Amino acid sequence: MASLIRSARLLRRLHSLASHPVSPLTSAARTTAENVAKWIEENTEVSRDHLTPELRLRLVTQNCWLWRARAEDCPYPDPFWAFYWPGGQVLTRFLLDNPDVSRGKTVLDVGSGCGASAIAASMSGATYAIANDTDPIAATAVALNARLNGVCAATPPSPAPPGSCEICTASLVGRLDARWDVVLLGDMFYDDGDFGRAILDWADDLTTRGTAVLVGDPGRATFRERTATTTLRRRLLKVAEYDLPRRCREENSGFTTGAVWQFSRVV
Amino acid sequence: MGVLGPKMAFRVLVGCKRVIDYAVKVRVKPDKTGVVTDGVKHSLNPFDEIAIEEAVRLKEKKIATEIVAVSCGPPKCQEVLRTALAMGADRGIHIEVPDEEYASLQPIHVSKILAKLAAQEEASMIIVGKQAIDDDCNQTAQMTAAFLDWPQATFASKIEKTNGDLLVTREVDGGLETIKVKLPAVLSTDLRLNEPRYATLPNIMKAKKKKIDKKKPADLGVDITQHVEVLKVEEPPVRQAGVIIENAEQLVSKLREAGHIQ
C-alpha cells in the first residue's frame, strides 16, 4: 500500500514536471506539498477534543482508519504530527492561559508536530512564532492547522509577516539566536541518549543567554531521571500542572497529568 | 523498603514472554525435538498482556510510578516489548539470549533474571502472567518470589492497594481466596483480572520513542546452563471419527458391541 502511494505520487510528480516546463522544480515541489496537504485532509479529522478546545487541529482521531492501523500502513513514516502529544497539550494550555508569556515576543516551538503550541503563541500575540519540526510532512500539517485557526503560515523563502507562524524544518537543536525570546520544548524528553542530553545542554545555553525555556512533559521517566540531579531540580520551576483529558489519556496509556516547567538561570 | 511513602518510587517489573500467537495451529517438527517456530506469527503471551494492563492501571491510579517491561530471548523479543510499551509501560529491558540457548531457557533461569533485575531496579512489585501459553509451566512467579524471599500472590483476579499492603483476590479451585501481602511482592495474573487494552496507532507510535535497554544474563550474574533435557515432543492424539446414531436401539447395540454395557 505504501509503495503504491509512493509510486502514484512519483507519477504525478513526473506528470507535473512534463506539463510545467517553465519552472519545473517549484511546480513539482508545490504539487508534492499539495498532495501531502490533500492526504492529510483526507485522512485526519478536525478535532477540538483536547486540552485546548480553542484550537481546531487536524489529527488522527478514533474516527480515522489510521487509529487502528499498524504503523507501517501509514504512507508517511512516523506521523508524529498527526497526534497532539500530552506535553504539547499542557504547554499550549499554559500559553493560552498566560498570553503575557508570548505577547510581543519571538517564540520558537521545537519539535512542533501538529504546531499547536506555535499557533497558540501566535494567537496570544507573539510577534513571531516559529514552528520547527524536521519532518517536512509536519510542516504541511502545521500550515493547515495554522490556517484552520486564522493564523497566517509562512514557509521560507516567503517572508514571515509579524503575527504569522513561520514554519522551519531545519534542525535547530544546539543553535543560538538572539531573536528567540521564548523556546518551547513540548514532549522533547523522550530520549535518554545523546539527543536528550543535547536538548538539556541547549536549554542550559539558551537560559544563560536570557531566553525563557518552557518544557511540557507528562512525567516521562526519561525526563524525571534526567532532571533528578539536585542542581537541575533547583533550576526547574513547575509553573503549571493539568489533568489530561480522557481522549489524551487514551492516546497515551499510563499518563494522567502533565506539567509545565520553566528553566531558571544559574544563580 | 517496607512502607512506601507517597514520594517514593513504586516501580513495577512486568515479565513479557514472546510466544506463538494463540490463534496459530501449532505443528510439531518432524524430528520431534520441538514445535515449528520459523515463519509462525508470535505475540505477547496473553497472560503477560493482562500483567502489563494491570501495571498500567496501577499507574493510572497513581499507585505505580514506573513500569518496566522485561523480556528474555532472541532479538525478536523486542517486538513484544514494543507492544508492552504501546500499552503503557515506560521502558523495556531486553535480556538477550541467542536462539540456540533460548531453546533450553527454563522458568528457573527467567526467575533468577527477574529477581536480579528487581534488586537492581529497586522494584516494589513484579507482575507476570500465571503461565505462558507455549510451555504452560506456571513456575516463574513462584520461583521469583522464592529467590527474592518476597511474598507471592498467584492467580490474581483482583488487586487492591491498602496502605503498605496489597489485597489480592486469587482464583483457587474452591472459589475465590482473598489474601493480604506486604510489598514488595510477586504477583501472577489470572484470566479474569482485567481485559487488556488494544494498542492503537498513537500509542504504538509514541512507544517507538521509549527506550529498551539490552543486557545479557551474564551481566546479571545469572547462569543459564540447561537443566532440563527435552526427550521428545509429540502432537496430541488425533481425535477418532465418530458415528451418527439414528435411535436409542442403535445406541444400545453399539454400546453393547463396544463392551461398555452388558
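Only a predicted model underlies this, so the values are computations on that prediction, with no experimental measurement involved.

K.L.:
Is there a simple way to think about the pattern of salt bridges in this case?
P.N.:
Pairs may arise between side chains of opposite charge once their charged atoms sit close together. Taken as a whole and judged by the stated rule, the model has 37 salt bridges over all chains. Note that Asp194 of chain A is salt-bridged to Arg197 of chain A, the shortest N-O span being 3.2 Å. One end of the pair is Asp194 of chain A and the other is Arg197 of chain A, both in helix H6 (residues 194-208) and three residues apart, which spans about a single turn. Asp194 of chain A gets classed as exposed once you look at its relative accessible area, which sits at 61%. What makes Arg197 of chain A partly exposed here is its relative accessible area of 41%. With its nearest N and O atoms 2.9 Å apart, the salt bridge here joins Glu53 of chain B to Arg197 of chain B. Remark: Arg197 of chain B occurs in the loop between strand S10 (185-189) and helix H6 (201-207) and Glu53 of chain B occurs in helix H1 (residues 46-60); sequence separation between them is 144 residues. Residue class for Glu53 of chain B comes out buried when judged on its relative accessible area of 2%. Each of the salt bridges in this network shares a partner with another, and the network as a whole consists of Asp49, Arg246, Arg247 and Glu250 of chain A.

K.L.:
Can you walk me through the UniProt feature "domain: Electron transfer flavoprotein alpha/beta-subunit N-terminal" (unreviewed entry) in chain B in this structure?
P.N.:
According to UniProt, the positions carrying the feature "domain: Electron transfer flavoprotein alpha/beta-subunit N-terminal" (unreviewed entry) are residues 32-224 of chain B. Taken as a whole, residues 32-224 of chain B contains 32% helix and 30% strand, while its terminal C-alpha atoms sit 23 Å from one another.

K.L.:
I would appreciate a short explanation of the confidence of the model for chain A in the present structure.
P.N.:
Note: predicted coordinates in regions of low pLDDT should not be interpreted at a detailed level. With 87% of its residues at a pLDDT of 70 or more, chain A has an overall mean of 86. Throughout residues 1-26 of chain A the model reports pLDDT below 50, and contacts reaching past four residues in sequence, or to other chains, amount to 15 contacts.

K.L.:
I keep staring at the interface of chain B and chain A and nothing clicks. Help me out?
P.N.:
Interfaces are often described in size by the accessible area the parts lose on coming together. The partner chain A presents 25 residues to the 23 residues of chain B that form the contact. For the pairing of chain B and chain A, the buried interface totals around 2,300 Å² over both sides, and the portion due to carbon and sulfur atoms is 55%. Among the residues chain B hides against chain A, the three largest losses belong to Leu201, Lys206 and Lys209 of chain B. Together they make up 30% of the total. At the boundary of chain B with chain A, the tally comes to three salt bridges. Measuring nitrogen to oxygen at the nearest pair gives 3.9 Å for the salt bridge that ties Lys211 of chain B to Glu225 of chain A. Linking chain B with chain A are 12 residue pairs in polar contact (both at pLDDT 80 or more). Residue assignment for the side of chain B that touches chain A shows that the elements contributing at least two residues are H1, helix H2 (77-87) and H6 of chain B. Of all the elements, H6 of chain B adds the most residues to the side of chain B that touches chain A, at six residues.

Calculation notes
Residues numbered from 1 in each chain as written. Chains lettered and ligands numbered in written order. Predicted model: local features only at pLDDT ≥ 70, side-chain atom pairs only at ≥ 80, totals over all residues. Heavy atoms only, no water. Salt bridge = Lys/Arg side-chain N within 4 Å of Asp/Glu carboxyl O. Helix = DSSP H or I, 4+ residues; strand = E, 2+ residues; numbered from the N terminus. Buried < 20%, exposed > 50% of the residue type's maximum accessible area, 1.4 Å probe, protein only. UniProt positions renumbered as here; feature names shortened; annotations may be inferred. pLDDT = per-residue confidence, 0-100. Contact = heavy atoms within 4.5 Å. Buried area = accessible area lost by both parts, 1.4 Å probe. Polar contact = N/O pair within 3.5 Å; in protein donor to acceptor, adjacent residues only side chain to side chain.

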